[in-house]
Each structure stands twice: as structure tokens, then as C-alpha cells.
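# Survey of secondary and tertiary structure
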Amino acid sequence: MTQLPNYINGQWCASNTTDYLDVINPATAEILAKVPVSPASEVNQAVAAAAAAFITWRRTPATERVQYLFKLKNLLEENFEDLARTITLECGKTLAESQGEMRRAIENVEVACGIPMMMQGTNLEDIARGIDEMMIRQPLGVAAVICPFNFPGMIPFWFLPYAIATGNTYIVKPSEKVPLTMQKIFGLVEKTGLPQGVLNLVNGAKETVDAILDHPQIRAISFVGSTPVAKYIYSRAAANGKRVQCQGGAKNPLIVLPDADIEMTTRIAADSAFGCAGQRCLAASIAVTVADARDSFTEAIAETAQKRVVGNGLDQGVEMGPVIDVRSKTRIEQLIQQGVEEGANLLVDGRKPQISGYEQGNFIRPTILQNVNPAGEIARTEIFGPVLSLIHVNTIEDAIAFVNSGQYGNMACLFTSSGAAARKFRYEAEVGNIGINIGVAAPMAFFPFSGWKESFFGDLHGQSNHAVEFFTQTKVVVERWPKDWSRQF
């Protein structure tokens, strides 16, 4: 069985650990590889390599730095199908979903290639007579990302290309559940000729993460995952004086008004709730019907959920794959039962399905809980699985009040034909990403990935200009050149 190496200072190197974890295909339970739980000493090696590389890399002109990203973009395109297949093998999502994920990753590389413009500072002559002032951006030094399991190809690229384009050196810690995609991507990084130490890969689990959080030479940390872990990483890293951005969990509501196109709304809502088996931070988890929308939407979404084809994401015609592991499957099924015990009606029960040929897989079919108690635990808990809760209210004001009462603030979407209702919703809803007749309001790479409340800890988000600001520090220079010190023209 293959034991995965780390990539430090431009070299593939086996970990010295004796502690390895299995990388398991969630559809088949096949062991794909073994990933090391790298000790702190190997994090230290990666940091030392990155710190040494930073001295030269920060002095490399931005126009030269982005040439490596141009090369990486082409390599990602050439290996697009293989990378997508690898995501499906280790993560479980459908091949089409994996292809969409890699497209978003590549878009971030493309945007980061604009660093010569995006990183520019500002200046003003004659702030006083003969005195000029300017603000310039400089890289921080060594930075790191701690990645989740649900998007092994895309999420690292919310940060990585911007970090190195702005002149930093970088360490990637993939999720120990899905390390294979990043192994292949670093194989492509190696082909770009990127200088040694600029990008490093260290596999591992909590011990590895803690070593990253505590290392004094790591200046900035990015993280995406659950809110409890986000709080832990944010507090520990910030206590160590680091710049931190942590994307946390979510409980994303969809609001359906009576004037919505029910056929379109149902299709989009199902894709949002059940796409990627509900394992994404922008998955719809609650549908709030308003007034007369209840009956038509409830009937339509139940029928759609029952028809969704579940199976191995590599198989033709499959619309939804498994959840990541047995532990997640068990947790999701327990939460479904908790919803029933809180008084919800189990309109569509997706527990314990039999998927022919994949009996060992971690499958749950789409599930719908009707008449969920808005004040109950299920209405507040991030299930992170293919489960949609239905809640009914009488007015859009009630719907917005429900949205704003939640602890999370990642996304909320409204389905309507009314421009006035749409404006009221986007103006008043207290979330960072708004969708209007959109089920997954995922920002393009040239916009920051927003998030409010307990869905985000920090000030600057991933992607676009926020990433540029996160990975740079500003320096203000005030200059005076008296006539007798300067050449006269």
C-alpha cells in the first residue's frame, strides 16, 4: 500500500512517523493509500525551507512570479480529467461535481495572475510643500493553509495562488481524509520549475496542525472547516500573533415566496441541498416557504428528492455520491432521528439505503424533514449531509427574522419574481453571501468568499482582493527631498 510522502524544499520525502491513516474511497470502502501523521519536526523542516526561499522569492518581480502560475494553470488544464477523477475517488462526489470544483480552482489561478495590478499601492505628491507620501504592499513571509475534506482541489486555491503571487512562501496541510488530489497537484507544481521552498506540502492530523499554529515563523494561517475547529484554530493562532482567516460552518436557508417559479426553484433547491451529498459550506439545509408557497414546493421537492440517483460518483447517470466516512454517515442518521424526536415529519427518509454493488459505501439518500421546529436543535445544527428541513412562515418579514436569528451567516437565498422583495432581502438578510433565484451563491474567484457571524472568524476572506490584502502588509513612506539635497532640473 502506497505511503504518501511530503513535499519539502522541492523534494518528495517520506515522513519519519510510524503513525499512518488510511485514505478510503467512501463509495467502495477500498483503501487507496496511507497518509502520514507528520510530526512537528517535519513542519519545522517545511518552515525552514519556506523561510529560506522567502529571502529570494520576495525580491522576484511580480511579473516573474506570475509566470509560474501561468505554467501551473496550463498544467491543471492538461490534467483536468485526472484530477477530477481523483477528487471523486477520495471524496465521493460525482465526476461532474469534481470537474466543477477544479474549474473553480483554475479560475483562482487565473485571477492571481493579475497580481502586478492587484498588489499596487497608492501615492500622493505634495502632502505638504516638497513632501510626498506613498503606501506600498509587501509580503508577510511564510504562510500556511489547513484544508477541509469536502473540496480537496478547490479550497486550497482560494489562498495558495495569491499567497505566492504576492511574494510569500507557503505550506499546504491537506485534509488527512483526502490527500491524494494535492499530491497530484504538487506533482504539477514541480513541473513548473517553481524555486525550491516556495511551496511545501506537509500531511498530517491534529499534531501537525498544532505545530503549524504554534510555529513562530508562520505569519498567516487560512482555514476552512467546522465552526468548533475554526474557533480553535483562530484563537490559538491569534494568541500566537498570527494573521488568521477561518471559514466555519453554516446553516443556509432558502426562502420561497408564493410568486417563485416552483419548477425552477425545486430543481435549484435540490441541487443545492443534495449536491456533493450536502457536504459543502454553501449547501441549502433549510427551505422556508412563505404563505401559499408551502403546498406546491413541498410536493415538488419531495418528488425530486425521491428520484435523485445515488451511487458511485464515477458511474454514468449518478446524481449524488456518498458522504465522506462511516462516522459522518452515523452522525447524519442520528441527527435525522433527532429531528423526528423533536416533532418533525420524515417526509423522505434516506437512511440505510441499499446501493447495488456498493454495499460497503457510506451512502445516505436525500432526506426531507417537514414541519421542523424553528427553535429546535435540528433547525440550528449544521448536519453536513443530504438533509433538507422544511419550515413555514406567513410573511417575508418572518422569513428574514428567521434568517437573522441563526448563529451562522454564510449564505441565504430567495426565490421570487419580485424585484422589491429581492432588494428587501439582500438589504436586510444578515449573511455574507446572498442568492436571488440562485441555490449556491458561491462567489467567483474575482470576488471574496464572504461569511458572517459564526461562519467566519477574521477580517479578510479568501479569493480576490481580500486574499491580496490578507497576504500583504502595508508600509507608508513619507519623503522630503530639499532642493540642496536633490539635483535640479
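Here, every reference points to the structure presented above.
Residues numbered from 1 in each chain as written. Predicted model: local features only at pLDDT ≥ 70, side-chain atom pairs only at ≥ 80, totals over all residues. Heavy atoms only, no water.

### Regarding the overall build of the chain
Applicable threshold: A run of DSSP states H or I qualifies as a helix once it reaches four residues; a run of E qualifies as a strand once it reaches two. Both are numbered from the N-terminal end. Both definitions apply: the radius of gyration is a C-alpha atom measure, and the globule rule equals 2.2 Å times residues to the power 0.38. When accessible area is computed with a 1.4 Å probe and restricted to protein chains, residues below 20% of their type maximum are described as buried, those above 50% as exposed, and intermediate ones as partly exposed. The Shrake-Rupley method, run with a 1.4 Å probe sphere, supplies the accessible areas, and residue values consider only the shown protein chains as cover. His residues and chain termini do not enter the charge count, which takes Lys and Arg as positive and Asp and Glu as negative. For charged residues, the charge sits on one atom: NZ in Lys, CZ in Arg, CG in Asp, CD in Glu.
Helices and strands together make up the secondary structure of the chain, namely 15 helices and 22 strands. Taken over the C-alpha trace, the chain has a radius of gyration of 24 Å; the compact-globule value for 489 residues is 23 Å, and the two agree within 12%. Dimensions of the chain, computed from the C-alpha atoms along their principal axes, are close to 85 × 60 × 40 Å. Counting over 489 residues, the chain shows a buried share of 57%. Here the chain has roughly 20100 Å² of accessible surface; of this, 50% comes from carbon and sulfur atoms. Of note, the chain has its 43 positive side-chain charges centred 5 Å away from the centre of its 50 negative side-chain charges.

### Things to note about the sheet that holds strand β22 (residues 472-480)
How we decide: Only strands joined by at least two bridges in the DSSP assignment are considered to pair. Between N-to-C directions, angles cover 0 to 180 degrees, with each direction set by a line fitted to C-alpha atoms, over the stretch in contact for helices.
What the three strands build is an open sheet, ordered β5-β6-β22; its pairing is antiparallel. Both outer strands of the open sheet, β5 (122-128) and β22, are each paired with one neighbouring strand and no more. Pairwise comparison of adjacent strand axes, ignoring direction, gives a mean angle of 25° for this sheet.

### Some thoughts on helix α12 (residues 326-341)
The cut-off we apply is this: In this scheme, a helix's expected span is set at 1.5 Å multiplied by one less than its residue total. Think of the arc as the fan of directions from the helix axis to the C-beta atoms. Throughout, a contact is declared for two residues whenever any of their heavy atoms are within 4.5 Å.
Compared with the 22 Å implied by 1.5 Å per residue over 16 residues, the 23 Å span of α12 between its first and last C-alpha is a close match. Regarding α12, the residues found buried are Ser328, Lys329, Ile332, Glu333, Leu335, Ile336 and Gly339. The buried residues of α12 all sit within an arc of 155° when viewed along its axis, so they share a single face. α12 presents Val326, Arg327, Gln334 and Glu341 as exposed residues on the side facing more than 90 degrees away from its buried surface. Those residues of α12 hidden inside the fold are in contact with β14 (345-348), β15 (367-370) and β16 (387-393). Of the residues flanking the end of α12, it is Gly343, one or two places downstream, whose phi is positive at about 110°.

### Brief notes about the nonpolar core
Quick note on the threshold: Residue types Ala, Val, Leu, Ile, Met, Phe, Trp, Tyr and Cys, when buried and joined through side-chain atoms within 4.5 Å, form a set referred to as a nonpolar core.
Counting 124 residues, the largest nonpolar core has Leu76, Tyr170, Val172, Ile255 and Phe471 as its most contacted members. Ignoring any residue separated from it by four or fewer positions in sequence, one finds Ile255 in contact with Val288, Val290, Ala399, Val403, Cys413, Leu414, Phe415 and Phe425.

### Some remarks on helix α2 (residues 62-78)
In a regular helix each residue adds 1.5 Å, so 17 residues correspond to 24 Å; α2 covers 25 Å between its end C-alpha atoms and thus fits that length. Turning to α2, its buried residues are Arg65, Val66, Tyr68, Leu69, Leu72, Lys73, Leu75 and Leu76. The arc that holds the buried residues of α2, viewed along the axis, is 170°, so those residues lie on one side. Lining the buried residues of α2 we find α1 (40-57), α3 (80-91), α4 (95-112), α5 (115-118), α6 (160-165) and α7 (180-192).

### Side note on the sheet that holds strand β13 (residues 284-290)
One open sheet holds the seven strands; their spatial order is β14-β15-β16-β13-β12-β18-β19, and the pairing between them is mixed. What marks the edges here is a single partner per strand, and that holds for β14 and β19 (433-436). Strand-to-strand twist in this sheet, taken as the mean axis angle between neighbours without regard to direction, amounts to 25°. Looking at chain direction, β13 and β16 are connected through five bridges and run parallel. If you follow Val290 over to β16, its bridge partner there is Val393.

### Some details on the packing of α2 against α7
Stated formally: The scheme is simple: roughly parallel for angles under 35 degrees, roughly antiparallel for over 145, roughly perpendicular for 65 to 115, oblique for anything else. Two helices that cross are described as forming a left-handed crossing if the nearer one is turned anticlockwise from the farther one by less than a right angle, and a right-handed crossing if clockwise.
At a minimum axis distance of 9 Å, the contact between α2 and α7 shows a crossing angle of 135°. One way to sum up the angle between α2 and α7 is to call them oblique. For the crossing formed where α2 meets α7, the hand is right-handed. Contacts between α2 and α7 involve Tyr68, Lys71, Leu72, Leu75 and Leu76 from the former and Ile185, Leu188, Val189, Lys191 and Thr192 from the latter.

### Description of the packing of aromatic side chains
Quick note on the threshold: In this scheme Phe, Tyr and Trp rings, the latter by its six-membered ring, pair at centre separations within 6.5 Å, and the angle between planes marks the pair as stacked below 30 degrees, edge-to-face above 60, and tilted otherwise. Whether a charge sits over a ring depends on NZ of Lys or CZ of Arg being within 6 Å of the ring centre and within 35 degrees of the ring normal.
Under the definition given, this model contains ten aromatic pairs. A ring pair is formed by Tyr170 and Phe471, whose centres lie 5.8 Å apart and whose planes are at 85°; its orientation type is edge-to-face. Here the residue Tyr170 occupies a position in strand β8 (residues 169-173), and Phe471 occupies one in the loop between α15 (464-470) and β22, the gap between them amounting to 301 residues. Aromatic side chains Phe446 and Phe447 sit 5.9 Å apart centroid to centroid with 55° between the ring planes, which places their arrangement in the tilted category. Directly above the ring of Phe151 sits Lys93, whose terminal nitrogen or CZ lies 3.6 Å from the centroid.

Nothing here speaks to function; it is all geometry.
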